Amino acid sequence: MTQHARLQPTPIPFIDVAAQRRALGARLDEAVARVLGHCQFILGPEVQTLEAELGAFCGASRVVTCASGTDALSLVLMAKGIGPGDAVICPSFTFCATAEVVALHRATPVFADIDAATFNISVESAAAAVDEAKRRGLRPRMIIPVDLFGLPADHDGIAALAKAEGLFVLDDAAQAFGATTKGRTLGRDGLVGATATSFFPAKPLGCYGDGGAIFTDDEELAGVLRSLRVHGHGSDNYDNVRIGLTSRLDTIQAAVLSEKLRLFPDEIRARDAAARRYAEGLADVVTVPRVPEGCTSVWAQYTIRIPAGTRDGFAAALRQDGIPTAVYYPIPLHRQVAYRDFPTAAGGLPVSDRLAGEVISLPMHAYLDAATQDRVIDSVRRAVGA
């Protein structure tokens, strides 16, 4: 072995799913074994149990699980009859699924800008997007705020806009299940019509495959969603009363999520402690994220901002220290080939454009010990010349 190889630092994980697996221990094996024992792999009893547990956790009266976070969004659009001629307001600075489902239903996503401090949709830009939709002869029917990186959007402001414009609010909480805003847990927020989340493995609450859920207090909507997720069935699986799809959460994944949910409150606290350590160690050298008063974040990502044009060198310096980084998101949706022909709020989306060149995310998970985090902080400080 060469001297250079011996000096290479041990890489650390960006998200440590293995550490969580060790914490779950035999309980997880036993939960999966129960499903293997009864062999009800589709909509087995663990699915109903999980839906009840999720509702109890966040306070939602109705929970409908499904096959993915993207399907969770899509099912709500289907239930609300969103289609050609309809406009749905979306932030541009997000993962493509938010707008993808709108386009797939032949409606028109209209992109709004974000707030530079929170990375979440700007209510003022969303209002301008509504005006742009009307100018183009579209019917504004829905707004999909995204609770990006684990932080709730400005749901009070969004609710006021939605009330004024007659919009249904579908909250995309794929990264933020477990977060709160003004004492309301996402999922039971009475300001939205429905909340969708994802259980992708990298999410704060993730399964071991794909999975998602929808939260609502609307019993009629929940009934339609349950029908839609099984081909639009009526009284039984061979009585189809609407066009649906196949979007059921596997029973094994439900069993995994039930066990993970037991750890989730402690993990949220651990993530928050890690975020505070990052802020204490880095706030004087980079722009660190801030949580508005009255909100909590589950810190799906810890995203800092550094000067434009320095990111590649910064990431390379951390990589030399064995520290991974990621960029969420390098290209806003309104600049991507698949979405660049859809309308945007008047005046463009300058904040989304600027932040796409400045953001970079550091390792973040509930099992990030202080020594490892100090190593990240020291590397960041060296990389920026502090």
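Higher on the page you've got the structure.
As the structure is a computational prediction, the values presented were derived from the model and not from experiment.

A. Spotlight on the environment of Ala67. Along the chain, the position of Ala67 falls in the loop between β1 (62-66) and α5 (69-79). The exposure class assigned to Ala67 is partly exposed, which follows from its relative accessible area of 22%. With 54 residues separating them in the primary sequence, Ala67 and Ile121 have C-alpha atoms 26 Å apart. Not counting residues up to four positions away in its chain, the partners in contact with Ala67 are Asp210, Gly211, Gly212, Ser247, Arg248 and Leu249.

B. Seen up close, the nonpolar core. Counting 50 residues, the largest nonpolar core has Leu77, Ile89, Val102, Met142, Ile143, Ile144 and Leu170 as its most contacted members. Each residue touching Leu170, except ones within four places of it in the same chain, is listed here: Leu73, Val76, Leu77, Met142, Ile143, Ile144, Pro145, Ala194 and Ala196.

C. View of the sheet that holds strand β10 (residues 295-296). Strand order across the open sheet formed by three strands is β7-β6-β10, with antiparallel pairing between neighbours. On the outer flanks of this sheet lie β7 (184-185) and β10, each paired with one strand and no other. When strand β6 (residues 180-181) meets β10, the two strands line up antiparallel, connected through two bridges. What sits directly across from Thr180, in β10, is Thr296.

D. Quick look at the packing of α5 against helix α6 (residues 97-104). At a closest axis distance of 9 Å, the pairing of α5 and α6 adopts a crossing angle of 40°. In terms of axis orientation, α5 runs oblique to α6. In terms of crossing hand, the pair formed by α5 and α6 is right-handed. Every residue of α6 that contacts α5 at Thr70, Leu73, Ser74 and Leu77 is listed here: Ala97, Thr98, Glu100, Val101 and Val102. Grouping the amino acids of the contact of α5 with α6 by side-chain chemistry returns five nonpolar, three polar and one charged.

E. View of unusual backbone geometry. The peptide bond linking Tyr328 to Tyr329 adopts the cis configuration, its omega dihedral lying at 10°. Mapping Tyr329 onto the fold places it in the loop between α11 (311-320) and α12 (350-355). Positive phi outside glycine occurs at Phe119, with the angle close to 70°. Even without a glycine there, the phi angle at Lys182 is positive, about 50°. Note on Lys182: relative accessible area 53%, which makes it exposed.

F. Inspection of helix α9 (residues 219-228) at higher detail. Within α9, burial applies to Leu221, Ala222, Val224, Leu225, Ser227 and Leu228. Here the buried face of α9 lies against β1, α5, β5 (168-172), β8 (194-198) and β9 (212-216). By the N-cap criterion, in which a side-chain oxygen at the helix start approaches the backbone nitrogen of a residue two or three places on, α9 is capped by Asp218, the distance to Glu220 being 3.0 Å.

G. Local environment of the environment of Ala283. As for its placement among the helices and strands, Ala283 is situated in the loop between α10 (251-282) and β10. Take Ala283: its relative accessible area is 36%, and that puts it in the partly exposed class. For Ala283, the residues in contact, after removing those within four places along its chain, are Tyr278, Val288 and Arg290.

H. Region of the structure containing the sheet that holds strand β3 (residues 108-112). Spatially, β1-β9-β8-β5-β4-β2-β3 is the arrangement adopted by the seven strands of the open sheet, whose pairing is mixed. On the outer flanks of this sheet lie β1 and β3, each paired with one strand and no other. Pairs of neighbouring strands in the sheet enclose a mean axial angle of 30°, with direction left out of account. Across five bridges, the pairing between strand β2 (residues 86-91) and β3 is parallel. Across the sheet, residue Cys90 finds its bridge partner in β3, namely Phe111. Packed onto the sheet, helix α4 (residues 45-58) meets β1 and β9 and runs at close to 130° relative to β1. Across the sheet, α6 lies against β2, β3 and β5, angled at about 150° from β3, the strand it touches most.

I. Representation of the pattern of salt bridges in the model. As enumerated under the stated definition, the model contains 18 salt bridges in all. For Arg381, the salt bridge is made with Asp284, and the minimal N-O distance between the two is 2.8 Å. Placement of Arg381 in helix α13 (residues 370-383) and of Asp284 in the loop between α10 and β10 is noted, with a sequence separation of 97 residues between them. Overall, Asp284 belongs to the exposed group, its relative accessible area being 58%. By sharing partners, the salt bridges in this structure join Arg34, Glu259 and Arg262 into a single network.

Quick notes on the rules
- Residues numbered from 1 in each chain as written.
- Predicted model: local features only at pLDDT ≥ 70, side-chain atom pairs only at ≥ 80, totals over all residues.
- Heavy atoms only, no water.
- Helix = DSSP H or I, 4+ residues; strand = E, 2+ residues; numbered from the N terminus.
- Buried < 20%, exposed > 50% of the residue type's maximum accessible area, 1.4 Å probe, protein only.
- Contact = heavy atoms within 4.5 Å.
- Core = buried A, V, L, I, M, F, W, Y, C linked by side-chain atoms within 4.5 Å.
- Pairing = 2+ DSSP bridges.
- Axes fitted to C-alpha atoms, helices over the stretch in contact; angles between N-to-C directions.
- Parallel < 35°, antiparallel > 145°, perpendicular 65-115°, else oblique.
- Left-handed = near helix turned anticlockwise from the far one by under 90°.
- Nonpolar A, V, L, I, M, F, W, Y, C, P; charged D, E, K, R; others polar.
- Polar contact = N/O pair within 3.5 Å; in protein donor to acceptor, adjacent residues only side chain to side chain.
- Salt bridge = Lys/Arg side-chain N within 4 Å of Asp/Glu carboxyl O.

Honestly, it's all geometry; don't read function into it.
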